[in-house]
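Descriptive analysis of the structure
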Amino acid sequence: MFSIGPARKDHQAAFRVAAGLFIPLITLVVLGRLDLAIFASFGAFPGIYGRNEPHRARIVAQVRAALLMLAVILAATLTARLSPGDLVSPWTIVVGTTIVAWACTVIVGYWRLRPAGSLFHIFAYAAIASVPHQPPLGPAMVTAAATAALCLLIGLSSRVHPAHRTPLTWAGIRAAWRVRLGSEERRALWLESLGYLVAAAAAGVLATVVGQSLGFGHNYWAMVAAVVPLVGHTTRHRVARGLQRILGTVVGLVVLAAIVALRPEAWAMVLIIAACQFGAEMLIARQYFLAQVCVTPLALMSTLLVVRVDPLDLLHDRFIDTVIGAVVGVAVVTAPSVWRRLRSRPLTP
């Protein structure tokens, strides 16, 4: 639960990802266009992919990740714009996000992108679709696409140093672009996508019903938390990720409360967001609990940068939704093992 894995040049990937987020956000602060910040934030996600790959594999992974993320962002903002009164129903969020969870898991699997799964796409779709008073479509998509392009350039930036340079030819890029899955891999992928669909749908429905009864929102945070335990090689590892998600969120909320109490300006918030992104990338492959301590203030400060809401409401909603989602995710992960054990028990007269 609390062990930490070895470092694998994590600082290099962390610098790249943090720069790909910080540069667009600070530019929007200077321009006074924080209404576009959420599109820049999710446009920077392709920089996470291909972190330890050679340049030919990294550029292919990041181009694919950028295309998929831009499609998700477009779908999300169109969902918001086509909704009555520019306000999306919580149930529309559940349905749309569940579709994204399933479809993006399949696409990511067929492209063999790492990180696997659709966690980032679930977060991007639901968060953007939930934003009221969307900015004009053109500037929004240009911001997301320009940020993604910047991340691609940053991903290749280490080529300026001869010691970090790896082969990059058109033939190598074409070879890296070709992906073929065997029959067993395809079967495993479709089963995995079913798990994402069930976990996202169950968490979304439960969080929406409970939220409407108790008066809290942000049901998609439960959907994001629900798919976290689905990543892992063993059931024990997956359950541990679910528990680490809850514990990391609790500690991260304490950190966020201390930051919010200082009432930082927008430029200072961007600096903190970039620092949290750096910390998350440094730790995400080594210690998920500590990574979540960074991810929680990162996600909520990105929300506070765009939408003016009571920070206490965010802290409250984040905790409850995370618990709901993590419990659902752990239940989905352990259900097959429990079912096999029940079937293997001899029937007693």
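The structure presented is a predicted model; accordingly, all values stated were derived computationally and were not measured.

This next bit is on the overall build of the protein. Helix and strand content of the protein: 13 helices and zero strands. By the compact-globule yardstick of 20 Å for 349 residues, the protein fits well, its C-alpha radius of gyration being 20 Å. Expressed as lengths along the three principal axes of its C-alpha atoms, the size of the protein is roughly 75 × 50 × 40 Å. Scored against the burial criterion, the 349 residues of the protein give a buried share of 48%. Here the contacts in the protein between residues at least 6 apart in sequence split such that 80% fall between residues at least 24 apart. When the accessible surface of the protein is summed, it comes to about 16900 Å², and 69% of that surface belongs to carbon and sulfur atoms. If the 30 positive side-chain charges of the protein are averaged to one point and the 13 negative ones to another, these points end up 13 Å apart.

Moving on to the side chain of glutamine 292. Take glutamine 292: it is sitting in helix H12 (residues 288–306). When its relative accessible area of 1% is taken as the criterion, glutamine 292 is described as buried. A polar atom in the side chain of glutamine 292 sits 3.4 Å from the side chain of arginine 245. Contact partners of glutamine 292, with chain neighbours within four places excluded, come to Gln244, Arg245, Gly248 and Thr249.

If you walk through the whole model with that rule in mind, you get zero disulfides. Just so you know, cysteine 151 is unpaired, no disulfide at all, and the nearest cysteine sulfur is the one on cysteine 276, 17 Å from it. Taking relative accessible area as the criterion, cysteine 151 reaches 4% and is therefore assigned buried. Left without a disulfide partner, cysteine 276 is nearest to the cysteine sulfur of cysteine 294, which lies 5.9 Å away. The class for cysteine 276 is buried, based on a relative accessible area of 10%.

Let us now look at the environment of phenylalanine 289. The residue phenylalanine 289 is located in helix H12 in this model. As for phenylalanine 289 and alanine 240, which are separated by 49 residues in sequence, their C-alpha atoms are 9.4 Å apart.

Our next topic: the nonpolar core. By size, the foremost hydrophobic cluster in this structure holds 77 residues, and its most contacted members are Leu25, Phe42, Ile73 and Phe123. Setting aside residues no more than four positions away along its own chain, phenylalanine 123 makes contact with Phe42, Phe45, Tyr220, Trp221, Val224 and Ala299. Among the nonpolar cores identified, the runner-up in size contains five residues, and Ala280, Ala291, Cys294 and Val295 belong to it.

Centre-to-centre distance and the angle between the planes together describe a pair of aromatic rings. Taken as a whole and assessed by the stated rule, the structure comprises nine aromatic pairs. Seen from their ring centres, tryptophan 102 and tryptophan 190 are 6.0 Å apart, and the 45 degrees between their planes marks the pair as tilted. Separated by 88 residues along the polypeptide, tryptophan 102 in helix H4 (residues 90–111) and tryptophan 190 in helix H8 (residues 183–214) bring together distant segments of the chain. For tryptophan 190, a relative accessible area of 40% corresponds to the partly exposed category. Here a set of aromatic residues connected by ring pairs shows up, and it is made of Phe42, Phe45, Tyr49, Phe120, Phe123, Tyr220 and Trp221. A cation sits over an aromatic face here: arginine 64 above tryptophan 177, 4.2 Å from the ring centre. A cation sits over an aromatic face here: arginine 318 above tryptophan 221, 5.3 Å from the ring centre.

To continue, consider the side chain of glutamine 62. Examined against the element boundaries, glutamine 62 turns out to sit in helix H3 (residues 55–81). Glutamine 62 sits in the buried class, given a relative accessible area of 2%. Apart from residues lying up to four places away in sequence, glutamine 62 is in contact with Pro46, Gly47, Tyr49, Cys151, Leu152 and Gly155.

This part is about H12. Because an α-helix completes one turn every 3.6 residues, residues spaced three or four positions apart along the sequence face the same direction. Its 19 residues place the ends of H12 27 Å apart at the C-alpha level, agreeing with the 27 Å of an ideal helix rising 1.5 Å per residue. Within H12, 16 of the 19 residues are buried, leaving the element largely enclosed by the surrounding structure.

One pass over the full model with this rule turns up four salt bridges. One salt bridge connects arginine 51 with aspartate 10, and the closest N-O pair in it is separated by 3.0 Å. Taken as a pair, arginine 51 in the loop between helix H2 (37–43) and H3 and aspartate 10 in helix H1 (residues 10–31) lie far apart in primary sequence, 41 residues in all. Residue arginine 51 is classed as buried on the basis of its relative accessible area, which comes to 16%. One salt-bridge network, in which partners are shared between bridges, spans Asp10, Arg51 and Glu281.

Rules and cut-offs
Residues numbered from 1 in each chain as written. Predicted model: local features only at pLDDT ≥ 70, side-chain atom pairs only at ≥ 80, totals over all residues. Heavy atoms only, no water. Helix = DSSP H or I, 4+ residues; strand = E, 2+ residues; numbered from the N terminus. Rg over C-alpha atoms; globule rule 2.2 N^0.38 Å. Buried < 20%, exposed > 50% of the residue type's maximum accessible area, 1.4 Å probe, protein only. Contact = heavy atoms within 4.5 Å. Areas by Shrake-Rupley, 256 points an atom, 1.4 Å probe, with all protein chains shown as cover. Lys, Arg positive; Asp, Glu negative; His and termini not counted. Charge placed at Lys NZ, Arg CZ, Asp CG, Glu CD. Polar contact = N/O pair within 3.5 Å; in protein donor to acceptor, adjacent residues only side chain to side chain. Disulfide = S-S within 2.5 Å. Core = buried A, V, L, I, M, F, W, Y, C linked by side-chain atoms within 4.5 Å. Phe/Tyr/Trp six-rings, centres within 6.5 Å; stacked < 30°, edge-to-face > 60°. Lys NZ or Arg CZ within 6 Å of the ring centre and 35° of its normal. Expected span 1.5 Å × (residues − 1). Salt bridge = Lys/Arg side-chain N within 4 Å of Asp/Glu carboxyl O.

Honestly, it's all geometry; don't read function into it.
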